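Listed below, chain by chain, are the residues.
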Amino acid sequence: MKDLDTSSDTSAFELPAELDAQGRLAAACAAEALARMEAHGLVILTGLLSDAEADTGLALIRQTIDDPNRQRCAFASETDNRYVRRDFCSLPATPPVTDFVATLAQRLEAVLAHYCDRAHPLLEVTTLTSYRGASHQYIHRDPSGVISLFVAVEDVSELQGGTVFVPGTQLFDGAAPKHGDSTLERMELFRIGCNWRILRHNLAKLWDMRGSSETPLAPGEFRDRVFSRIWDEHQPNLLRFVLGKNSQFSLRMLAPRRLWNLARQRAELDRAFRLVSTAPRKGTVILYQSDMLHAGPDNRSPEPRRLFSMSIAREAISAKRWHDGYSPHPSLIAQPLSFGELLDRRVGAEQQRESDFRIAS
Ligand SMILES: [Fe+2]
């Protein structure tokens with residue numbers, strides 16, 4: 001996005017995945033991955049899944065998206081969902097899906113176990129597909145106390161909307177707060193500055209889409225995305241912006257003193273924080289602390305962007321907080337799965353053979 005200054009240099013966060021004889025991250029690789037998670041809030045493990053495993057993930061996503069009765073997630077944007085600009089939905093806890101999730105949990109155990117006890121629940125398993133014409137999400141934090149991961153089941157280009165992160169902005173190291181009040185306020189100033197530019201970008205993009213033959217607007221879409229009264233935190237949505245009813249970005253965040261500080265500290269904020277745009281290759285897994293600043297950009301290409309995602313709690317969590325903050329499939333609510341159960345699960349023999357083959361070759 002040209003309005004937003006992002007770096008596509010992800011080398012500081014990337015690590016080639018090395019597996020041991022059991023098909024899990026090798027000790028040295030896991031230690032390095034953990035160091036990056038602690039320092040930056042994320043690690044990008046390249047080649048964690050083989051092509052065949054990534055294909056399995058893609059097939060699970062396709063199966064879910066093709067199901068007319070799929071469970072749509074509202075957390076991204078109800079309006080984008082309504083106009084099929086995004087298709088974010090939760091995966092059912094079928095044996096193949098749980099096998100895939102268990103494979104990831106087992107492979108990443110040495111990193112995940114630093115944050116998650118065996119009793120902590122799997123919060124959700126979702127697919128995140130975005131199409132051309134989607135809005136750029138505001139820079140935001142997901143609910144605290146969670147480790148999430150994205151799996152690239154096929155190559156994702158920057159143009160398709162690979163997730164952007166602001167490294168080092170995670171709120172906690174272990175259980176302790178990582179930053180003081182002044183740093184938190186500076187992060188908030190940086191976020192507000194970015195979100196102002198995202199608002200302008202989303203509005204300009206919608207305006208251009210009015211006469212576009214490539215990405216035409218559906219009847220009523222412009223009105224719904226700009227003046228929507230429904231809950232939607234990632235649209236330009238001027239009505240809720242002005243009324244202060246958008247928790248991610250609204251006029252009430254732009255008090256004169258804040259605007260003054262933003263103008264005064266702009267250069268310093270741009271030196272202290274940077275937006276990093278990811279473009280994960282097939283088989284890459286991005287592991288991140290949920291409370292770091294990030295956003296799903298708009299897809300600016302004709303190719304759909306597909307990601308597989310899952311989240312595990314770092315603490316015990318009430319059902320209300322779980323269901324408010326995450327999108328578990330009804331089958332996962334009916335039969336919850338803990339991190340320990342995922343670790344103990346014997347995954348399909350075929351996947352095991354595939355893993356053995358990779359280690360041998
Ligand atoms: Fe998010």
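Computed from a prediction, not measured in an experiment: that's the story for all the values here.

Draft legend 1. Spotlight on the overall build of the protein chain. Each helix and strand in the protein chain was counted, giving 13 helices and 14 strands. In terms of overall dimensions, the protein chain is globule-like: its C-alpha atoms have a radius of gyration of 20 Å, near the 21 Å expected for 361 residues. Its C-alpha atoms put the protein chain at 60 × 45 × 40 Å along the principal axes. Per-residue burial over the protein chain gives 55% buried out of 361 residues. Put simply, 83% of the contacts in the protein chain that link residues at least 6 apart link residues at least 24 apart. Summed over all atoms, the accessible surface of the protein chain reaches about 15700 Å², with 53% contributed by carbon and sulfur. Each charge sign in the protein chain was given a centre, from 44 positive and 46 negative side chains, and these centres are 7 Å apart.

Draft legend 2. Summary view of empty space enclosed by the protein. With the rule as written, the count across this model stands at one cavity of 30 Å³ or more. By volume, the largest cavity is sized at about 50 Å³. Around the largest cavity, the lining residues are Leu 91, Pro 92, Ala 93, Val 97, Thr 98, Val 101, Leu 122, Val 125, Leu 332 and Leu 337. Broken down by secondary-structure element, the contributors of at least two residues to the lining of the largest cavity are α4 (95-107) and β6 (122-130). Top element by residues in the lining of the largest cavity is α4. It accounts for three residues.

Draft legend 3. Fine view of the coordination of the iron ion. Surrounding the iron ion are the protein donor atoms His 140 (NE2), Asp 142 (OD) and His 294 (NE2), which sit 2.2 to 2.3 Å from the metal. The sequence motif formed by the donor residues of the iron ion is H-x1-D-x151-H. Here the residue His 140 occupies a position in the loop between β6 and β7 (146-151), and His 294 occupies one in strand β13 (residues 294-295), the gap between them amounting to 154 residues. The exposure class of His 140 is buried, given its relative accessible area of 7%. Overall, His 294 belongs to the buried group, its relative accessible area being 3%.

Draft legend 4. Structural context of the sheet that holds strand β2 (residues 14-16). What the eight strands build is an open sheet, ordered β2-β3-β12-β7-β14-β6-β5-β4; its pairing is mixed. Bordering the open sheet on either side are β2 and β4 (71-72), each of which pairs with just one other strand. Summarising the sheet, strand β5 (residues 86-90) and β6 pair through five bridges and their orientation is antiparallel. The residue bridging Cys 89 from the neighbouring strand is Thr 127, located in β6. In the packing of helix α2 (residues 51-65) onto the sheet, contacts are made with β5, β6 and β14 (305-313), and the angle to β14 comes to roughly 95°.

Draft legend 5. How the structure looks around the nonpolar core. Core analysis: the largest hydrophobic core is formed by 53 residues, its most contacted members being Leu 104 and Phe 308. Looking at this core, the element that brings in the most residues is α4, giving six residues. Residues within four places of Phe 308 in sequence aside, it is in contact with Ile 61, Leu 91, Phe 100, Val 101, Leu 104, Val 125, Thr 126, Leu 149, Phe 150, Val 151 and Val 153.

Here is what the cut-offs are and how they apply
Think of each chain on its own: its residues are numbered from 1, step by step along the sequence as written. Restriction of local features to residues with pLDDT of at least 70 applies here, the model being predicted, together with a cutoff of 80 or more for giving and counting side-chain atom pairs; totals for whole chains, interfaces and linings are based on all residues. Based on all heavy atoms of the structure, the side-chain values leave hydrogens and waters out of the count. Runs of E in the DSSP output that reach at least two residues are strands. Runs of H or I that reach at least four are helices, and both are numbered from the N terminus. The globule rule is 2.2 Å times the number of residues to the power 0.38, and the radius of gyration it is compared with is taken over C-alpha atoms. Burial status follows relative accessibility: with a 1.4 Å probe on protein chains alone, a residue under 20% of its type maximum counts as buried, one over 50% as exposed, and anything between as partly exposed. Note on contacts: a residue pair is in contact if any heavy atoms of the two residues lie within 4.5 Å. Note that accessible areas follow from Shrake-Rupley with a 1.4 Å probe, and for residues the cover is restricted to the protein chains shown. When charges are counted, neither His nor the chain ends are considered; positive counts come from Lys and Arg and negative counts from Asp and Glu. Charge positions are represented by NZ for Lys, CZ for Arg, CG for Asp and CD for Glu. Within this scheme a cavity is a closed region of a 1 Å grid, computed over the protein atoms alone, that accommodates a 1.4 Å probe without allowing it to escape, whereas a pocket is open but has protein on both sides within 12 Å along at least five of seven lines; lining residues each have an atom within 4 Å of a point. Grid points are joined across faces, edges and corners, and a volume is the space filled by probe spheres set on the points. Because water is not among the atoms used, a metal site may look incomplete, as its donors are only the N, O and S atoms within 2.8 Å, or 3.2 Å for Na, K and Ca. In this description, strands pair whenever DSSP reports at least two bridges between them. Where helices are involved, their axes are fitted lines through C-alpha atoms of the stretch in contact, as for all axes, and angles between N-to-C directions lie from 0 to 180°. Within this scheme, the nonpolar core is defined by two criteria: the residues are buried Ala, Val, Leu, Ile, Met, Phe, Trp, Tyr or Cys, and they are joined through side-chain atoms within 4.5 Å.

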